[in-house]
Amino acid sequence: MTVDFEDCIKDSPRFRANIDEVETEVVEIEAKLDKLVKLCSGMIEAGKAYVSANKLFVSGIRDLSQHLNYLMYDHLFMFLILSLSPQILFDQAQRSIKQQLHNFIKDDVRKFKETKKHFDRVREDMEIAQVKNAQAPRNKPHEVEEATGTLCITRKCFRHLALDYVLQVRDIANDITETEK
């Protein structure tokens, strides 16, 4: 998922094809990340149910341990310590996996989509300006000058936004690559 800065300045067909590929890939990744967040939530809920049942079980062991000798109590205590470790695992899953994925979707992907909408609007504006410039009657210099000026301004705006957009594409690609590691 790479887009060349030079191609974005030229607004080449390769740039447009790469942008379309990237946009499709981001939509696919977002769907997979959403699914993963839901699966993680399900796992955490199931884990909470397990921890709750485990606590009841541990409570039952404690009740039983009051009637057992010291040696048996020592073994039960070790079992209790080991049985509490899933709670730590579920807390870590909640904090590290689910929250980071949720933040990535909420912040980075949302920002990418907003920039894409703005990029598409500016690209449309530039295409309209190109058409108006091409259709400006050459015998009316004032209209030609106005159409050329509008085209220059929209082209500059497009190039700046295209650079920002490509930078954001690269940032998302880097974030996804880091997440996969």
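Check the entry above for the structure.
Residues numbered from 1 in each chain as written. Predicted model: local features only at pLDDT ≥ 70, side-chain atom pairs only at ≥ 80, totals over all residues. Heavy atoms only, no water.

Student: Can you break down the overall build of the protein chain residue by residue, with the values?
Tutor: Within the protein chain one finds 4 helices and 0 strands. Starting at the N terminus, the α and β elements of the protein chain follow one another as α-α-α-α. Here the protein chain, with 181 residues, has 31% of them falling under the buried criterion. For the protein chain, contacts bridging at least 24 residues in sequence account for 76% of all contacts bridging at least 6. (Helix = DSSP H or I, 4+ residues; strand = E, 2+ residues; numbered from the N terminus. Buried < 20%, exposed > 50% of the residue type's maximum accessible area, 1.4 Å probe, protein only. Contact = heavy atoms within 4.5 Å.)

Student: How would you explain the nonpolar core if you had to name every residue and give the values?
Tutor: Within the largest apolar cluster, 26 residues are counted, with the highest numbers of intra-cluster contacts made by V3, F15, F112, F119 and F158. Breaking this core down by element, the ones donating at least two residues are α2 (13–65), α3 (70–135) and α4 (141–180). The element best represented in this core is α3, accounting for 9 residues. Sequence-distant contacts of F158, that is, excluding residues within four places in its chain, are made with C8, D11, F15, F119, V122, R123 and M126. (Core = buried A, V, L, I, M, F, W, Y, C linked by side-chain atoms within 4.5 Å.)

Student: Pulling in residues and values, what's your account of the layout of surface pockets?
Tutor: The computed volume of the largest pocket comes to approximately 160 Å³. Considering the residues around the largest pocket, the lining is formed by D125, I128, A129, K132, A136, E143, E146, A147, T150 and T154. Among the secondary structure elements, those contributing two or more residues to the lining of the largest pocket are α3 and α4. When residues of the lining of the largest pocket are assigned to their parent elements, the largest contribution, 5 residues, is made by α4. Considered class by class, the residues forming the lining of the largest pocket number 4 nonpolar, 2 polar and 4 charged. (1 Å grid on protein atoms, 1.4 Å probe; cavity = no way out; pocket = protein on both sides within 12 Å on 5 of 7 lines; lining within 4 Å. Points joined across faces, edges and corners; volume = space filled by probe spheres on them. Nonpolar A, V, L, I, M, F, W, Y, C, P; charged D, E, K, R; others polar.)

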